[in-house]
Amino acid sequence: MTHSEFTVRPGDPLRAPVDNSCRIGHVIATAANPAQAELLADRAVSQTTIEVA
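The structure displayed is predicted, hence computed values, not measured ones.

Reading the values: rules and limits
- Residues numbered from 1 in each chain as written.
- Predicted model: local features only at pLDDT ≥ 70, side-chain atom pairs only at ≥ 80, totals over all residues.
- Heavy atoms only, no water.
- Helix = DSSP H or I, 4+ residues; strand = E, 2+ residues; numbered from the N terminus.
- Areas by Shrake-Rupley, 256 points an atom, 1.4 Å probe, with all protein chains shown as cover.
- 1 Å grid on protein atoms, 1.4 Å probe; cavity = no way out; pocket = protein on both sides within 12 Å on 5 of 7 lines; lining within 4 Å.
- Points joined across faces, edges and corners; volume = space filled by probe spheres on them.
- Nonpolar A, V, L, I, M, F, W, Y, C, P; charged D, E, K, R; others polar.
- Expected span 1.5 Å × (residues − 1).
- Buried < 20%, exposed > 50% of the residue type's maximum accessible area, 1.4 Å probe, protein only.
- Arc of directions from axis to C-beta.
- Contact = heavy atoms within 4.5 Å.
- Polar contact = N/O pair within 3.5 Å; in protein donor to acceptor, adjacent residues only side chain to side chain.
- Patch = residues over 30% accessible without salt bridge, like charges linked within 9 Å, V, L, I, M, F, W, Y side chains within 5 Å.
- Salt bridge = Lys/Arg side-chain N within 4 Å of Asp/Glu carboxyl O.

Re the overall build of the protein chain
Broken down by element type, the protein chain carries one helix and two strands. Secondary structure of the protein chain in N-to-C order comes out as β-β-α. Taken as a whole, the protein chain presents about 4,700 Å² of accessible surface, with 55% of it coming from carbon and sulfur.

See below:
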């Protein structure tokens, strides 16, 4: 199972990425073992597109 959430919306200003508090979202994955959870998280991230203008 995966859960992903963005904390910004299109057009929102972004802070400079200087530490972890500057993230724009997160992905959480749970599975029977760490390898499966990592695979699910990688899949969720690979299906996400972020455009910075």
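Remarks on the layout of surface pockets
Here the largest pocket is characterised by a volume of approximately 250 Å³. If you go around the largest pocket, you meet 13 residues; those closest to its centre are Val8, Arg9, Pro10, Ile50 and Glu51. Taken together, the residues that form the lining of the largest pocket break down as eight nonpolar, two polar and three charged.

Section: helix H1 (residues 34-46)
Compared with the 18 Å implied by 1.5 Å per residue over 13 residues, the 18 Å span of H1 between its first and last C-alpha is a close match. Looking only at H1, the buried set comprises Ala37, Ala41 and Ala44. All buried residues of H1 project into a common sector of 60 degrees when viewed along the axis, lining one side. Residues of H1 that are exposed and point over 90 degrees away from its buried face: Ala35, Glu38 and Ser46. Contacts from the buried residues of H1 go to strand S1 (2-6) and strand S2 (25-29). The distance from a side-chain oxygen at the start of H1 to the backbone nitrogen of Ala35 is 3.1 Å, and the residue carrying that oxygen is Asn33.

Re a nonpolar patch on the surface
Together, Phe6, Leu14, Ile50 and Val52 line one region of the surface with nonpolar side chains, adding up to about 430 Å² of accessible area. By the secondary structure assignment, Phe6 is in strand S1.

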